[in-house]
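Residue-level structure breakdown
Take a look at the letters that make up each chain.
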Amino acid sequence: MDTKKNLLSIVSKMLLARGEEFEWITMPDRSDEKIGLAYVPFALDTPCSFMFTEVKSPSSLTLDVLFATRVRPEDYLELGIMLQKLNADQREGSFVLDVDAGYVYFRQTLQAEGVELSDAQIAQTIVNMEGIGMRTTQVFARVLAEEFRHA
């Protein structure tokens, strides 16, 4: 029988063990239903935040890295072309422009549906996702801020 793991529970245990402070994200109409957690990694000096969200069906865990630089709507076309080129060459994850808010996310997803992974394997995958997010942040946040600093 396939028992689904609580992926957010594994993330929260890891963050607590590291001493990271985080906030739970809940459903607007059900504050008892935890769907994600957000934190600012203390290992980074780049302004960004990390947010893990869990989907129950299919079982998956998504990491969004939100860059602090806000982009003006008149720059969306130029930024969209830049993100499209970056995404074409990405091995892991993708860049997403939130056109309602003007922020850019870097998104990675762990698909856990139908895969037998131990808690240790999931934890290592989460560490790997964070590492990719941090390295991407260190490079892209500077580029974003320099190219679109007038926002």
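What comes next is a walk through the structure. (Residues numbered from 1 in each chain as written. Predicted model: local features only at pLDDT ≥ 70, side-chain atom pairs only at ≥ 80, totals over all residues. Heavy atoms only, no water.)

Some remarks on the pairing of strand β5 (residues 94–98)
In plain terms, the rule: Per-residue accessibility, obtained with a 1.4 Å probe over protein chains only, is compared with the maximum for each type, and a residue is labelled buried under 20%, exposed over 50%, and partly exposed between these values. Secondary structure follows DSSP: runs of H or I at least 4 residues long count as helices, runs of E at least 2 residues long count as strands, and numbering of each begins at the N terminus. A pair of strands is labelled paired if DSSP reports no fewer than 2 bridges between them.
Alternating positions in β5 separate cleanly, F95 and L97 being buried on one face and S94, V96 and D98 remaining unburied on the opposite face. Where β5 and strand β6 (residues 103–111) come together, five bridges link them in antiparallel fashion. Across the sheet, residue S94 finds its bridge partner in β6, namely R107. Count of turn residues in the β5/β6 antiparallel hairpin: four residues, of which G102 carries a positive phi of about 85°.

Regarding the sheet that holds strand β4 (residues 60–67)
The cut-off we apply is this: All axes here are fitted lines through C-alpha atoms, helices being fitted over the stretch that makes contact, and every angle between N-to-C directions spans 0 to 180 degrees. Between two residues, a contact is recorded if the distance between any of their heavy atoms is within 4.5 Å.
With antiparallel pairing, the six strands of this open sheet are ordered in space as β1-β2-β3-β4-β6-β5. The outermost strands of the open sheet, each flanked by one partner alone, are β1 (23–27) and β5. The mean angle between the axes of side-by-side strands here comes to 35°, regardless of whether they run parallel or antiparallel. Taken together, the four bridges between strand β2 (residues 30–39) and strand β3 (residues 48–55) define a ladder with antiparallel strand orientation. Of the residues in β3, the one forming a bridge with L37 is F52. With respect to the sheet, helix α1 (residues 7–18) is in contact with β1, β2, β3 and β4, its orientation differing from that of β2 by roughly 50°. Lying on the sheet, helix α2 (residues 76–88) is in contact with β5 and β6; it crosses β5 at an angle near 160°.

Such coordinate-based values are descriptive only and should not be taken to indicate function.
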